[in-house]
Amino acid sequence: MVPTILVIAAAMHARRAWPIMAMSDRPAAASGNLAQAQHFPSPGAPTSARANHDSMANAIRALAMDAVEQAKSGHPGLPMGAADVATVLFTRFLKFDPADPAWPDRDRFVLSAGHGSMLIYALLHLLGYETMTIGEIKHFRQFGSLTPGHPEYGHTPGIETTTGPLGQGLANAVGMAIAERHLAAEFGDDVVDHSIYVLASDGDLMEGISQEAIALAGHLKLRKLVVLFDDNGISIDGPLALADSVDQVKRFESANWAATRIDGHDPAAIAAAIEAARKSDRPSLIACRTTIGFGAPTKAGTEKCHGSALGAEEIAGARTKLGWTAPAFEIPAAIRAQWRTAGERSRPARLAWEARLAALDAHRRTEFARRIRGTLPAEQLAAAVAAVKQKLAETPKEIATRSASEFALEALTAALPEMIGGSADLTGSNNTRTKAMKAMKAADYSGRFIHYGVREHAMAAAMNGMALHGGVIPYSGTFLVFSDYCRPAIRLAALMGKRVIHVMTHDSIGLGEDGPTHQPVEQLAALRAIPNLKVFRPCDTVETIECWQLALENEHGPSVLALSRQNLPQLRLGFDTDNQCKHGAYELVAAANGGTADVSLFASGSEVAIAVAAQKLLAAGKIAARVVSLPCFELFLAAPEKERGRIVGNAKVNVAVEAGIRQGWDAIIGSAGVFVGMTGFGASAPYKELYQHFGITPEKVVEAARARLSG
């Protein structure tokens, strides 16, 4: 942690020299050229302290404008405008250690405004992160560099999350704050006690996901969450006033946040506001009024420095205006030394934390380390899965797979205490809360179930943040049709390779009377199109527990479990120690008498039972057929070609059955294969009538197979 004495001294000094701006003192909204609004050290400011701050902030500005200029691509305006805010945060408050970027109790910094990536790259370089060399800065936005256009988690050490799609980072931070409070409740503040800081832009706060995220954070009173709003009044199109007139301070206050406005170029005001936020009993917004492109002589305060290189002439003028005489990409030794000292500031705190961790009893220490690593308790998981399968072998269940999921979760959540569940106001429909789970709330963060409310966008992104934070495995539920609301966050989880599990029920026209607005038709194909996402669609209770096991073991990517509303027969009878679903596809029913099949029937989820019924009808008609269950396309298509060929077989006719569109199935049945499914939207009616109306029945499958055989 920042030494208390220094923080208090800084705060006292701040209040004496540069008081926080009152709301009425806020500069007017941006319009036209704000270059003249730039201001430099106040006459009453202590010269040496302010000069040191300015030189350190200007190092960020210089690296940002030089890197963007060399790349001829990028966003110099935000790093130049937010440099003062970042300098105060990273040199006085943020708890981190470049020597150990993954220190579990570090503060997290989320650059939600990912387009301003040179801000974080400059900081990482100046603070002494080993891999962020000046060579990487010079190769900004170039192939293979550690400085891509937008920050990428897992690619660049020191980056906490992948940002760029605006609003996602802010919602990730809410999830990080949830994970921090939950783990603190479980392991104690001596082990878990850190803050989550966000730098957000106007665009982040205009995106709809931001409202969902801030409402959830305010409701849970996530006091360790601080949002620094780069309030520069400029968007790509021009002045923000062209499209927005929201008072963000009032907006956040209405969501139960502490909120204030300050001058974002006054280091003492920035420090005092952060210090106040650290003492708040709720999340905090600090609206930092800044000038975009601060220092640029003609483009500062305008959209001209938002997303384009400044140009050589403007950069020369900025150097003069800022008093920066060093050549491009060079940082004077004295300024570099100040930054490196700031980078080492929290090392004693890290070493003290390591000592406290070592002092824990062996069980708690080992358990904490296991959860942070993300390692599953293999024996407990295997035992839980085996116990569920044994019960199903003894007493088969004809239930909906959403209910089968709840049955599985009763065992899994008991075996894996790191599992944190939730639902978007559909708990009773998604069946994601077990009997033993208590709800998480502001008064008790130890609960393992989160009521997200009707906030699918923020729910999905917050789960990403929880997974990024580490120590928990998040899962939550909504209807499959609302995967469209979750899709941006699911895509980012896949890109980042994080274990996040989405339980998506009511997975077809089988949901019935709610009609086509709620009946997913194209969603399965759309989700299967996302790289590194596994979509599981189990056909019965046994496949459901197996798919849950695979989702939990899928450490490097997200998973979706698409589950039925309607009851389904248990097709897998007896006790099977092997996880058949791990192959992605397997032969569920062989051709009669073990003979060669004339027809191979492929299906997923609720339609597997239809395929099994069709196989019996075909057998009665002297046509040999087999049934292949396909619970996971991605696992099957990743198998070796020989294995795929064995499962697909060489029947004369391949028929696929799924209550969705055909897209994606040709990779399995071939373009000559027959597809029985949907070609348009559904309708409102009892589900059995819908299956009849749309021709997804055993009889129609038999008819299609016969027609192709005779053709």
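Reference entry: report on the structure contained in this document. None of the values given here were measured: they were computed from a predicted structure. (Residues numbered from 1 in each chain as written. Predicted model: local features only at pLDDT ≥ 70, side-chain atom pairs only at ≥ 80, totals over all residues. Heavy atoms only, no water.)

With respect to the packing of helix 18 (residues 456-469) against helix 19 (residues 483-496)
So, point 1. Two elements in contact, helix 18 and helix 19, have axes separated by 6 Å at closest approach and are oriented at 20°. Between helix 18 and helix 19, the angle falls in the class roughly parallel. Every pair of crossing elements has a handedness; the one defined by helix 18 and helix 19 is right-handed. Facing helix 18, whose interface residues are Glu 456, His 457, Ala 460, Ala 461, Asn 464 and Leu 468, helix 19 presents Tyr 485, Cys 486, Ala 489, Leu 492, Ala 493 and Met 496.
So, point 2. Considered class by class, the residues forming the contact of helix 18 with helix 19 number nine nonpolar, two polar and one charged. (Axes fitted to C-alpha atoms, helices over the stretch in contact; angles between N-to-C directions. Helix = DSSP H or I, 4+ residues; strand = E, 2+ residues; numbered from the N terminus. Parallel < 35°, antiparallel > 145°, perpendicular 65-115°, else oblique. Left-handed = near helix turned anticlockwise from the far one by under 90°. Contact = heavy atoms within 4.5 Å. Nonpolar A, V, L, I, M, F, W, Y, C, P; charged D, E, K, R; others polar.)

Observations concerning the sheet that holds strand 2 (residues 196-200)
So, point 1. Reading across the sheet, the five strands line up as 1-2-3-7-6 and stay open at both edges, with parallel pairing between neighbours. Each end of this open sheet is capped by a strand with a single partner; those strands are strand 1 (108-111) and strand 6 (258-263). The sheet shows a mean angle of 20° between the axes of neighbouring strands, direction not considered.
So, point 2. Here helix 6 (residues 168-187) sits on the sheet and contacts strand 1, strand 2 and strand 3 (225-231); the angle it forms with strand 2, its principal contact strand, is near 170°. (Pairing = 2+ DSSP bridges.)

So, helix 21 (residues 541-553)
So, point 1. The terminal C-alpha atoms of helix 21 lie 19 Å apart, and with 13 residues this matches the ideal 18 Å at 1.5 Å per residue to within 8%.
So, point 2. Most of helix 21 sits out of view: 12 of its 13 residues are buried.
So, point 3. When we look at burial in helix 21, the residues that qualify are Thr 541, Val 542, Glu 543, Thr 544, Ile 545, Glu 546, Cys 547, Trp 548, Gln 549, Leu 550, Ala 551 and Leu 552.
So, point 4. Two to three positions downstream of the cap, the backbone nitrogen of Val 542 sits 3.2 Å from a side-chain oxygen, assigning the N-cap of helix 21 to Asp 540. (Expected span 1.5 Å × (residues − 1). Buried < 20%, exposed > 50% of the residue type's maximum accessible area, 1.4 Å probe, protein only. Polar contact = N/O pair within 3.5 Å; in protein donor to acceptor, adjacent residues only side chain to side chain.)

Brief notes about the pattern of salt bridges
So, point 1. Under the definition given, this model contains 37 salt bridges.
So, point 2. Here Glu 69 ties to Lys 72 by a salt bridge, and the two come within 2.8 Å at their closest N and O atoms.
So, point 3. The residue Glu 546 makes a salt bridge to Lys 389 at a minimum N-O spacing of 2.8 Å. With a gap of 157 residues between them, Glu 546 in helix 21 and Lys 389 in helix 15 (residues 378-394) connect regions that are remote in the sequence. We note that Glu 546, like Lys 389, is buried.
So, point 4. The network of salt bridges with common partners includes Glu 180, Arg 181, Asp 189, Asp 193 and Lys 224. (Salt bridge = Lys/Arg side-chain N within 4 Å of Asp/Glu carboxyl O.)

A word on the nonpolar core
Note that soluble globular proteins tend to have their nonpolar side chains buried in a common cluster.
So, point 1. In terms of nonpolar packing, the biggest core is built from 74 residues, with Ile 178, Leu 222, Leu 225 and Trp 257 touching the most fellow members.
So, point 2. Broken down by element, this core gets its largest block of residues, 11 residues, from helix 6.
So, point 3. When near neighbours in sequence (up to four residues on either side) are disregarded, Leu 225 contacts Ala 173, Val 174, Ala 177, Ile 196, Val 198, Ala 217, Trp 257, Pro 283 and Ser 284.
So, point 4. Residues Ile 60, Leu 63, Leu 111 and Leu 119 belong to the second largest nonpolar core, which totals 59 residues. (Core = buried A, V, L, I, M, F, W, Y, C linked by side-chain atoms within 4.5 Å.)

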